[in-house]
Amino acid sequence: MNRRTYVSVVAGVATLLCATSLRGVLEGWSWLPVVGGGVVVVTLAGIGARALRTPSWLQPVVGALAVLLYTTIVFGHDRFLGVIPTPATIVGLRADVSNAFADIAELAAPVPARPGILLLTVGGVGLVAILVDVLASVLGRAALAGLPLLGLYTVPVAVDRDGIGWLPFALGAGGFCWLLAAEHGTTIRRWGRPFHAGTAGAEPARTGGGSLVAGRLAIFGIVLAVLIPAGVPALSAEGLHSLFENGLPGSGSGRTVTAINPVTELRGQLTQDDPVNLLRVRTSDQQPFYLRLATLERFTGSGWTLRDMTAKQEARVRRGVPNVSGISGGTPTLSQQTSIEILGLTQSRYLPLYSNPSSIDVDGDWRFDRGSEAVFSTVDTTEGLRYRFESRRVNYSPGLLRDAAQPNPGDSTVKRYTELKDPDPSVKQQVAQIVAGKSTEYDKAVAINNFFSKENGFEYDLQTAAGTSESAIVSFLDNRRGYCEQYASAMAYMARIAGLPARVAIGFGYGTQQGGSWLVTSHDAHAWVEIMFPGIGWVPFDPTPPSGAGNTGDLSWVDGGVSDPGTSTEQTPVEQEQAAPAPSEEAAAPEPSDPAAIAAAKKKDEDKDEAWYEKVVPYLGWAALPVGLILGCVFWGSLRRHVRARRFAVMNGSGDATAAAHAAWDEVVDTLVDLNGQPVETAETPRGLSTRLRADGLDESAQGALTLIASAEEQARYAARVHAMPGLVEAVVTVRAALHQRSPRGRRVLAELLPPSTRARARSALLSLPAKARR
């Protein structure tokens with residue numbers, strides 16, 4: 001194995017070792033052989049391309065085609081001859097990628113290695129492997145190869161709350177150090193055999209000592225990097241908001257920074273002595289319900305927390321709000337238009353909204369999180385906002401909820417919202433007694449909700465110690481005194497024990513009516529429970545006693561009363577919408593035409609556009625390669641002709657004789673590179689190159705012209721005074737014609753379309769930029 005092949009193999013191994021960091025993103029290790037196969041394919045493609053003397057600029061393309069072929073064989077559909085992708089293959093792969101993005105939006109890490117997600121992983125790691133191979137094996141810049149290798153760590157570090165762990169870090173760092181050592185050894189061997197200073201014939205020097213010391217330093221550095229962080233306490237986002245509540249700082253294990261936990265905001269608002277005006281709400285709904293900020297869906301032993309909310313630019317609410325409510329077509333709903341003016345809620349990263357929003361008109365970079373249905377921002381706050389939105393409120397009734405389908409325990413969403421690790425045995429026994437004899441999800445939810453009643457000794461008390469941990473929940477169920485935080489946390493905990501998909505919602509009650517608007521203050525801050533019913537969506541339940549601070553709703557579907565809060569059972573949903581007063585000027589006015597018709601027309605247009613897109617995209621992918629090749633030929637060929645014309649202009653001028661000699665010599669050298677495909681040795685003198693070319697069979701006239709050009713270049717390089725030599729232009733034309741005449745036609749065509757000399761000079765110029773910047 002030669003040294004360049006050795007560097008290529010080490011580059012592939014280093015990439016695969018760094019890829020082990022994805023263990024925090026993907027479940028298990030079943031994905032590693034598939035990803036490793038992609039890295040092996042890239043490595044073999046690079047070695048093969050260099051063995052066939054493929055131009056360096058084309059080698060990444062070879063690697064990309066190898067990855068495409070590999071993904072086609074492993075993941076493709078309807079392949080021609082089992083290996084060649086067809087338009088149907090591209091459509092199938094695109095569907096897998098779309099499913100992968102949907103899974104990423106819905107699932108929490110670590111995600112299962114489904115085909116779409118595995119396809120994205122193979123493509124991403126394959127791209128990194130190509131970059132590492134080119135930088136280390138082609139350009140000889142192993143240190144720069146550390147940048148794409150580092151990119152493999154960005155996803156798990158950003159997603160995994162517990163970090164990637166010491167072992168993947170040590171493996172990746174070791175692989176990178178190995179790559180540096182391999183490339184360094186190759187560079188040393190290019191210099192030749194080193195000797196001790198002294199007499200001629202001295203023995204070669206031993207160079208293993210320096211390498212051994214470097215290797216020991218690398219291992220020592222990796223060990224320190226692993227051991228030192230283990231002794232430094234971490235500071236989690238939750239710890240920031242409760243530094244002195246539950247022990248010393250640094251006891252948390254979080255590695256991600258999120259916005260302030262809404263529970264912290266809730267606690268601070270409720271404990272204020274004087275209420276602060278937060279929102280002014282104008283809505284077409286006669287009996288508005290709770291305004292939701294965010295939901296807490298993750299329960300650990302230390303309490304309820306936010307999920308890691310991320311959203312791409314496509315999730316900006318100005319581009320529309322996806323329908324992820326889970327409401328089926330037969331569920332009765334009421335549409336409502338609402339406008340909100342922010343008064344005192346100035347630093348929130350969450351937008352107060354009613355459930356099931358369908359469109360939002362707001363300034364700033366606000367994005368929709370599909371899992372929690374929350375609208376959040378990492379760059380903007382609610383300070384000074386006025387915004388409008390449309391939403392749907394479900395017309396809940398006991399009959400509707402009792403007849404709902406039972407949740408499927410095997411569904412991934414149900415699993416996520418029923419997850420509890422080793423619940424407290426006493427609470428588990430208590431829940432079993434509460435739901436005994438209850439067969440439907442609705443009856444179990446109502447039984448747990450009604451357990452938190454005055455008859456059972458529960459009282460509202462703001463003086464209760466804060467906390468949503470398992471021990472805090474058990475203490476609350478024992479002393480039965482607390483406020484909405486404890487009530488909601490305890491009910492959601494008990495609901496999950498009963499097998500009900502549940503989460504804690506944080507937001508505000510409906511406030512106090514003032515004319516045509518509702519004023520929401522800090523004392524209206526509230527927490528409640530949402531339980532998912534198939535086909536109906538997230539249904540609110542509120543175990544907090546009505547004597548609590550703020551204005552909260554009377555949930556008629558829990559009490560078995562009317563089907564909608566504050567309305568008569570004799571009034572149908574259609575009559576309610578007709579009787580609802582029009583919103584004020586600041587509210588979002590409904591469209592003059594039928595909204596359903598507008599939505600149907602819009603959906604039809606989108607489907608039409610999507611159908612056109614589906615037909616065109618496969619052919620665009622196939623057309624991209626030839627179009628890119630043609631554009632590349634036009635670019636490089638035009639650039640080469642421009643350089644040649646500029647050199648001839650220098651030679652024709654009567655100015656600098658040195659510049660004319662260099663221009664003539666550079667044109668001859670570049671012509672050689674273009675026709676031979678190999679660079680000219682920089683150590684070869686003009687006279688030596690001239691002698692070699694004459695020996696290769698140049699005719700007599702070409703030999704004389706080449707001698708004139710070489711003499712001019714030697715004079716320009718070494719003479720104290722340079723005299724102009726006439727006839728350089730004619731000499732260059734003669735030598736170029738002779739070199740073209742003895743070259744094959746294919747090589748001549750390639751020299752005109754994709755001249756290697758121009759690409760080599762461009763690459764050298766790019767590589768010299770860092771050195772120029774340092775100077």
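Placed above this text is the structure.
(A) Representation of the overall build of the protein chain within the structure. Looking only at helices and strands, one finds 25 helices and 16 strands in the protein chain. Element-wise, carbon and sulfur atoms account for 58% of the exposed surface of the protein chain, whose accessible area totals about 39,100 Å².

(B) Representation of the packing of aromatic side chains. Going through the model one piece at a time under the given rule, you end up with 20 aromatic pairs. Relative to Tyr487, the ring of Phe452 lies with its centre 6.1 Å away and its plane at 70°, an arrangement referred to as edge-to-face. Here Tyr487 lies in helix α16 (residues 484-497) and Phe452 lies in the loop between α14 (441-451) and β10 (459-460), a separation of 35 residues in the sequence. Neither residue differs from the other here; Phe452 and Tyr487 are each classed as buried. With a centroid separation of 6.0 Å and 55° between ring planes, the pair formed by Phe458 and Tyr487 is classed as tilted. Taken together, the residues Phe458 in the loop between α14 and β10 and Tyr487 in helix α16 connect sequence positions 29 residues apart. No difference in accessibility class separates Phe458 from Tyr487, as the two residues are buried. An aromatic cluster is built from Phe289, Tyr290, Tyr396, Trp528 and Trp557, whose rings are joined through pairwise contacts. A cation over a ring is seen here: Arg503 above Trp538, with NZ or CZ 3.9 Å from the ring centre.

(C) Representation of the pattern of salt bridges in the model. The final tally for this structure, using the stated rule, is 21 salt bridges. One salt bridge in this structure joins Arg292 and Glu373, with 3.8 Å as the shortest N-O distance. Placement of Arg292 in strand β2 (residues 291-296) and of Glu373 in the loop between β7 (367-369) and β8 (374-376) is noted, with a sequence separation of 81 residues between them. For the pair Arg292 and Glu373, one class covers both residues: buried. By sharing partners, the salt bridges in this structure join Arg640, Arg644, Arg647, Glu667, Asp670, Asp674 and Arg736 into a single network.

(D) The arrangement of the packing of helix α2 (residues 31-51) against helix α3 (residues 59-75) in detail. As a packed pair, α2 and α3 sit with axes 9 Å apart at the nearest point and diverge in direction by 145°. Once α2 is placed against α3, the crossing between them reads as right-handed. The residues of α3 that touch α2, namely those facing Pro33, Val34, Gly37, Gly38, Val41, Val42, Ala45, Ala49 and Arg50, are Gln59, Val62, Gly63, Ala66, Val67, Tyr70, Val74 and Phe75. Tallied by class, the residues present in the contact of α2 with α3 amount to twelve nonpolar, four polar and one charged.

(E) Region of the structure containing the environment of Ala710. Its place among the elements puts Ala710 in helix α22 (residues 700-718). Given the relative accessible area of 4%, Ala710 is considered buried. Distance in space between the C-alpha atoms of Ala710 and Ala661 is 8.6 Å, their sequence separation being 49 residues. Ignoring sequence-local partners within four residues, the contact set of Ala710 consists of Trp665, Pro686 and Ser690.

(F) Representation of the sheet that holds strand β15 (residues 525-533). Reading across from one edge, β2-β12-β15-β16 is the order of the four strands in this open sheet, with antiparallel pairing throughout. Looking at which strands have only one partner, the edges of the open sheet turn out to be β2 and β16 (537-541). Along the sheet, successive strands turn relative to each other by an average axial angle of 40°, direction set aside. With seven bridges joining them, strand β12 (residues 502-508) and β15 adopt antiparallel strand pairing. Residue pairing in the sheet places Ala502 in a bridge with Ile531 of β15. Where α14 meets the sheet, it contacts β15 and β16, and its direction lies at approximately 155° from that of β15. Where α16 meets the sheet, its contacts fall on β12, β15 and β16, and the angle it forms with β15 comes to roughly 15°.

(G) Representation of the sheet that holds strand β1 (residues 277-283) within the structure. Strands sit in the order β6-β9-β5-β1-β14-β13 across an open sheet of six strands; the sheet is antiparallel. Where the open sheet ends on each side, the last strands, each with one partner, are β6 (357-361) and β13 (512-514). Put simply, the sheet's adjacent strands are angled 25° from each other on average, direction ignored. In terms of strand pairing, β6 meets strand β9 (residues 386-394) through four bridges, oriented antiparallel. Bridge assignment links Pro357 to a residue of β9, and that residue is Ser391.

Basis of the calculations
Residues numbered from 1 in each chain as written. Predicted model: local features only at pLDDT ≥ 70, side-chain atom pairs only at ≥ 80, totals over all residues. Heavy atoms only, no water. Helix = DSSP H or I, 4+ residues; strand = E, 2+ residues; numbered from the N terminus. Areas by Shrake-Rupley, 256 points an atom, 1.4 Å probe, with all protein chains shown as cover. Phe/Tyr/Trp six-rings, centres within 6.5 Å; stacked < 30°, edge-to-face > 60°. Buried < 20%, exposed > 50% of the residue type's maximum accessible area, 1.4 Å probe, protein only. Lys NZ or Arg CZ within 6 Å of the ring centre and 35° of its normal. Salt bridge = Lys/Arg side-chain N within 4 Å of Asp/Glu carboxyl O. Axes fitted to C-alpha atoms, helices over the stretch in contact; angles between N-to-C directions. Left-handed = near helix turned anticlockwise from the far one by under 90°. Contact = heavy atoms within 4.5 Å. Nonpolar A, V, L, I, M, F, W, Y, C, P; charged D, E, K, R; others polar. Pairing = 2+ DSSP bridges.

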